[in-house]
Amino acid sequence: MNIAPLKIKLLFFIGIAFCTVVKAQPGVSGTDIKKYDLVIVGGTPAGIMAAISSARLGKTSLILERTSHVGGLPANGLGATDIATRGATTGLFTEFVERVKKYYTDKYGASSEQVKACSDGYHFEPSVAEMIFGQMLAEHAGKITVLKMRQFDAEPQNIQIANGKISRISILNRDTKKQEDYEGKVFVDATYEGDLGAAAKIPFRVGREGKGEFNEPGAGRVYKYWQGAEGEGSTYQADNAVQSYNYRICLTNDPSNSVPIEKPLKYNRDEYVSMIEDVWTGNHTGVQMKQVTTAMMEDNRKNLANGGVTKIPGDRWGIGKITNMVTLPNHKTDGNNQHMSFISTDLPEENWPWPTSGWAWRDAFAQRLKEYTLGLIYFAQNEKELPESFRKATREWGLAKDEYNDNEHFPRQVYIREGRRFEAMYFFTAHDATPVSPGKRPPVHPSSVTASHYALDSHAVRKREPGKIHLDGFISYPTAIYTVPLGVMVPKQVDNLILPVPVSGSHIGFSTIRMEPCWMALGQAAGIAASLAIDNNTRIRDINNSQLQGTLIDQHATLIYYKDINPSSLDFKMVQLMGLKGYLPDWEANLEAPVDNQQVAIWNKLSGLKTRFKPGVTTRKEVLISIYKSLSKVR
């Protein structure tokens, strides 16, 4: 059965539904200026979630998106969700994931290969991500307005601030080339770059802190085997280097849906030639190279000359040598940079100006990166000095024909891993994501707005250097599930601005927060915080934290993670709030276990109460509920 027409029809009808969200009522300068509760710059997942969470509290919002598509990176190839512990981050993010799985189940059947490949909704095609975001927005058409092709430039004339509050911003309509003005009660910077915050003159950082500033692992200049130890050349010194960007390319080996990679107009073979020897010898950047001898590499060369494949431990083959691929439904992949290679789809060094540059420079770099990426694949598929067996394996892959039909089947957005990092009410470092002792949690933030989990993870900042074991700054260090305080996105200088994407933190601290699930959760919290500030006529930093957390939990957000409790549990809210107050420091709430004298003594000291119980009979749950109710009455 040919499913392509069915997919086209479905996307057509979803597009009709989504169009109901987009209201062509721009605030053109010189006319009546449109006013909203929230003005959100950036149609990223965080921006979308801010709009939805506030809409569910009755607030109106405007999303201003620079491109002709919303959804940020998940709608542009990042289909393999970056989260180390599923269930650590929930709320609207989980709702998105569940909708993805339902889409594949409804369309292909519960036992289909597509449902298996979607990995419970955590893996998805770019077009499906955009469709799901569109559906979620369309359900709040009366509250959310989406305007596309609206560009905000980080210039002071584009923002009006009086008495510590933003009152109006000006944007460029990229279609009409005219300025438009919009007013709001709260403004949200959901851009990957932090352009709105910069225009508001919020202090920010770009580059890497040295290890001496916060004593973080991986800080400063570091060369490290992948999954191995730091090596020679690591100085840990601060610099202005920005971790590299790439495109998350959607590739397929399905001949019926594959578009061949053509040589780009500005193809430069010299950029890729060092890969030739890496392929022949099996050289790579993994820790396995410590055990690889010269004799093994020469044997590999002979094997490849005879039509074989690499035998070097840890080496990748074919397209996997230049892209790290995760399987998506319908024989597609999320092709990221290959962390085991010296040359891949990242383009270090050249992206450093991006965070603070204007859009003319950014667009030029985006085109340069596109040509570099296509040239890389073309080289791997066609370069005659590469082994024929390698070229043949690489030629199995092409661009997915049914993705990005308006952009030559290539992603429309660069993967901006890190832009500006603002200095807000709380500055997040690696220590906020690192256990206080082995097996324990990282520090628990009582003002947490989400739990999250990913490694301390940064891509390279410099290109290949002779004699180095890896690219400078390509690092990963383990973390444990942590809490993220509201303060990382609340600036000190402006009362009605929230920064859920360009959050406050060090380069290493930011390297774990920067994943889309966490950004979605922060966007959800931003929408609720904005709504509470409006309702109570207060500054964002002065909102009632109990109200914020209670509303987040009501929207099924996880603020502190427990292995044995999830948002569907009847005791979820009580456990969340008591956990943040320090009553449940372990990874399990263990509610049904009998309570002992020592535990009750600790809880009584925390609460100032004298709880009655029967040792060995009364459960932990019963005592906690009693304390929880008493504390709620006091509040």
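Residues numbered from 1 in each chain as written. Predicted model: local features only at pLDDT ≥ 70, side-chain atom pairs only at ≥ 80, totals over all residues. Heavy atoms only, no water.

Scanning the protein chain from N- to C-terminus turns up 17 helices and 19 strands. Radius of gyration (C-alpha) of the protein chain: 25 Å, near the 26 Å computed for a compact globule of 635 residues. Taken along the three principal axes of its C-alpha coordinates, the protein chain extends 80 × 70 × 55 Å. Buried residues in the protein chain amount to 60% of all 635 residues. Working note: accessible area of the protein chain is about 25,000 Å², and carbon and sulfur atoms make up 51% of it. (Helix = DSSP H or I, 4+ residues; strand = E, 2+ residues; numbered from the N terminus. Rg over C-alpha atoms; globule rule 2.2 N^0.38 Å. Buried < 20%, exposed > 50% of the residue type's maximum accessible area, 1.4 Å probe, protein only. Areas by Shrake-Rupley, 256 points an atom, 1.4 Å probe, with all protein chains shown as cover.)

Here the focus is the pattern of salt bridges. One pass over the structure, following the stated rule, counts 49 salt bridges. Salt-bridge contacts for Arg205 lead to Glu213; the nearest nitrogen and oxygen are separated by 3.0 Å. Among the residues examined, Glu213 registers a relative accessible area of 42% and is labelled partly exposed. The residue Lys321 makes a salt bridge to Asp315 at a minimum N-O spacing of 2.6 Å. On the basis of relative accessibility, which here comes to 12%, the residue Asp315 falls in the buried class. Beyond isolated ion pairs, a larger network of salt bridges with shared partners links Arg205, Glu209, Glu213, Glu418, Arg421 and Glu423. (Salt bridge = Lys/Arg side-chain N within 4 Å of Asp/Glu carboxyl O.)

Mapped onto the elements of the fold, Leu304 is located in helix H9 (residues 294-305). The exposure class assigned to Leu304 is buried, which follows from its relative accessible area of 2%. Sequence separation between Leu304 and Pro387 is 83 residues; the distance between their C-alpha atoms is 6.3 Å.

To continue, consider the side chain of Thr618. Here Thr618 is to be found in the loop between helix H16 (597-607) and helix H17 (620-634). By relative accessible area, Thr618 is classed as buried at 13%. Of the polar contacts made by the side chain of Thr618, one reaches the backbone nitrogen of Lys614; its length is 2.8 Å. Ignoring sequence-local partners within four residues, the contact set of Thr618 consists of Ala593, Pro594, Val595, Phe613 and Val623. (Polar contact = N/O pair within 3.5 Å; in protein donor to acceptor, adjacent residues only side chain to side chain. Contact = heavy atoms within 4.5 Å.)

Unusually for a residue other than glycine, Asn330 sits at a positive phi of about 60°. Relative to the assigned elements, Asn330 resides in the loop between strand S11 (323-328) and strand S12 (332-337). A positive phi angle, close to 50°, is found at Asn537, a residue other than glycine. Within the secondary structure, Asn537 is located in the loop between helix H13 (516-536) and helix H14 (545-554). Owing to a relative accessible area of 66%, Asn537 belongs among the exposed residues under this scheme.

Residues Phe96, Ile169 and Met489 are the most contacted members of the largest nonpolar core, which totals 150 residues. Ranked by residue count, the leading element in this core is H13, at 12 residues. Aside from chain neighbours lying at most four places away, what touches Ile169 is Val39, Val41, Leu64, Phe152, Asn158, Ile159, Glu180, Asp181, Tyr182, Phe187 and Leu196. (Core = buried A, V, L, I, M, F, W, Y, C linked by side-chain atoms within 4.5 Å.)

Let us now look at the packing of aromatic side chains. The geometry of an aromatic ring pair is captured by two quantities: the separation of the ring centres and the angle between the planes. For the structure on display, the rule yields 22 aromatic pairs. Centroid distance Phe96 to Phe133: 4.6 Å. Interplanar angle 15°. Geometry classified as stacked. With Phe96 in helix H3 (residues 92-108) and Phe133 in helix H5 (residues 126-138), this residue pair connects regions lying 37 residues apart in the sequence. Given the relative accessible area of 0%, Phe133 is considered buried. Among the aromatic residues, ring-to-ring pairing joins Tyr245, Trp354, Trp359, Trp361 and Phe365 into one connected group. When the ring centre of Trp359 is taken as reference, the NZ or CZ atom of Arg66 above it lies at 3.9 Å. (Phe/Tyr/Trp six-rings, centres within 6.5 Å; stacked < 30°, edge-to-face > 60°. Lys NZ or Arg CZ within 6 Å of the ring centre and 35° of its normal.)

With that settled, the discussion passes to the packing of helix H2 (residues 45-55) against H5. Interhelical geometry of H2 versus H5 gives an angle of 20° and a closest axis separation of 10 Å. Taken as axis vectors, H2 and H5 run roughly parallel relative to one another. Two packed elements cross with a definite hand, and for H2 against H5 that hand is left-handed. Contacts from Pro45, Ile48, Met49 and Ile52 of H2 reach H5 at Phe133, Met136 and Leu137. Its residues placed into classes, the contact of H2 with H5 shows seven nonpolar, no polar and no charged. (Axes fitted to C-alpha atoms, helices over the stretch in contact; angles between N-to-C directions. Parallel < 35°, antiparallel > 145°, perpendicular 65-115°, else oblique. Left-handed = near helix turned anticlockwise from the far one by under 90°. Nonpolar A, V, L, I, M, F, W, Y, C, P; charged D, E, K, R; others polar.)

The next subject is the packing of H3 against H5. Each pair of packed helices can be described by the angle between their axes along with the distance between the axes. Between H3 and H5, the least distance of the axes is 10 Å, while the angle of their chain directions is 120°. When you trace H3 past H5, the crossing you get is right-handed. Touching Leu92, Glu95, Phe96, Arg99, Val100, Tyr103 and Tyr104 of H3 are Val128, Ala129, Met131, Ile132, Phe133, Gln135 and Met136, all from H5.

Time to look at the confidence of the model for the protein chain. Overall, the prediction assigns the protein chain a mean pLDDT of 95, with 95% of residues at 70 or greater. Counted against residues more than four places away or in other chains, residues 1-25, with its pLDDT under 50, gives 41 contacts. (pLDDT = per-residue confidence, 0-100.)

Further remarks concern the pairing of strand S3 (residues 144-147). On S3, burial covers both faces: Ile144 and Val146 on one face and Thr145 and Leu147 on the other are all buried. Pairing of strand S2 (residues 61-64) with S3, which is carried by four bridges, proceeds in the parallel orientation. Along S3, the bridge assignment pairs Ser61 with Ile144. (Pairing = 2+ DSSP bridges.)

It is worth spelling out the sheet that holds strand S9 (residues 249-252) at this point. If you walk across this open sheet you meet the five strands as S10-S13-S9-S12-S11, and the pairing is antiparallel. Only two strands of the sheet have a single neighbouring strand rather than two, namely strand S10 (258-259) and S11. Of the pairings in the sheet, the one linking S10 to strand S13 (residues 398-400) comprises two bridges and is antiparallel in character. Pairing of Ser258 across the sheet is with Ala400, part of S13.

Another aspect to go through is H16. Inspection of H16 places Gln599, Val600, Trp603, Asn604 and Ser607 among the buried residues, and these make up the whole buried set. Across the axial projection of H16, the buried residues extend over an arc of 135°, all falling on one side. Among the exposed residues of H16, those pointing more than 90 degrees away from its buried face are Asn597, Gln598 and Lys605. The residue sitting at the N-terminus of H16 and contributing the capping side-chain oxygen is Asp596; that oxygen lies 3.3 Å from the backbone nitrogen of Gln598. (Arc of directions from axis to C-beta.)

Further remarks concern the environment of Gly58. Residue position: Gly58 is located in the loop between H2 and S2. Relative accessible area serves as the criterion here: at 36%, Gly58 is assigned to the partly exposed category. As a C-alpha pair, Gly58 and Pro615 span 557 residues in sequence and 48 Å in three-dimensional space. Ignoring anything within four residues of it in the chain, the contact list for Gly58 reads Asp37 and Lys143.

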